[in-house]
Amino acid sequence: MSFVRAYAAEGINIDYVSLFNEPGPHCFYTNITTAEISDLLGNHVGPLFRREGLRTRLAFGEPMDRSDGRDQALAVLGHPAAASFVDILFYHGYGQLPGQVPALHNDTARIRDVHLRFPHLRLWMTEVCWAYEAGYPSTLPPLPRLDFEDGLWWGQMIMAD
């Protein structure tokens with residue numbers, strides 16, 4: 001909260017704060033459960049932001065893929081106190097390799113399910129890339145890719161999201 005106030009003092013408004021990058025028990029960064037996130041957001045961070053009169057909106061985290069995005073969103077939004085402070089769903093677009101269009105549409109259907117259940121909630125895919133460190137198979141063309149097929153894949157991903 002203090003960093004939001006410090007930025008505001010310099011004339012910079014923080015529109016959104018995400019509590020965690022890629023939360024979850026099988027993620028690299030944060031080994032935290034949705035129950036713990038719900039408690040933190042619903043009983044601590046959300047009430048603090050409200051008490052302090054901050055207009056910065058909150059996201060519980062940025063799940064690593066659309067499947068986790070759906071599952072985690074449904075769990076956190078099922079917690080009434082936490083749900084009252086969730087203003088946006090951020091999620092990452094990992095999990096599909098270039099050319100896996102049917103799998104991509106299956107993935108985006110998971111996020112569409114969240115939208116249908118919570119139409120007031122904004123949905124933003126906030127991160128995706130191809131990198132050998134992130135599991136890009138060495139059997140695919142070397143990075144960076146500059147071919148038409150790769151551009152087509154990114155276009156399909158953007159339109160699906």
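(A) Region of interest: the pattern of salt bridges. Taken as a whole, this structure holds nine salt bridges when the rule is applied. As a salt-bridge pair, aspartate 113 and arginine 70 come within 2.7 Å of each other at their nearest N and O atoms. Residue aspartate 113 is located in helix α5 (residues 101–117), and its partner arginine 70 is located in helix α3 (residues 66–77); the two are separated by 43 residues in the primary sequence. In this structure, arginine 145 and aspartate 150 form a salt bridge, with 3.8 Å as the shortest nitrogen-oxygen distance. We note that arginine 145, like aspartate 150, is buried. It is possible to trace a salt-bridge network through shared partners that takes in Arg66, Asp107, Arg110 and Asp161.

(B) Layout of the nonpolar core. Grouped together as the largest cluster of nonpolar side chains are 23 residues, with contacts concentrated most on Leu41, Leu58, Phe60, Val76 and Leu89. Residue assignment for this core shows that the elements contributing at least two residues are α2 (34–51), α3, β3 (88–92) and α5. Sorting elements by how many residues they give to this core places α2 first, with four residues. Excluding residues that lie within four positions of it along the chain, valine 76 makes contacts with Thr34, Ile37, Ser38, Leu41, Phe60, Ala82, Ala83 and Val86. Counting residues in each nonpolar core, the second largest holds five residues, with Leu104, Trp130, Met157 and Ala160 among its members.

Criteria and cut-off values
- Residues numbered from 1 in each chain as written.
- Predicted model: local features only at pLDDT ≥ 70, side-chain atom pairs only at ≥ 80, totals over all residues.
- Heavy atoms only, no water.
- Salt bridge = Lys/Arg side-chain N within 4 Å of Asp/Glu carboxyl O.
- Helix = DSSP H or I, 4+ residues; strand = E, 2+ residues; numbered from the N terminus.
- Buried < 20%, exposed > 50% of the residue type's maximum accessible area, 1.4 Å probe, protein only.
- Core = buried A, V, L, I, M, F, W, Y, C linked by side-chain atoms within 4.5 Å.
- Contact = heavy atoms within 4.5 Å.

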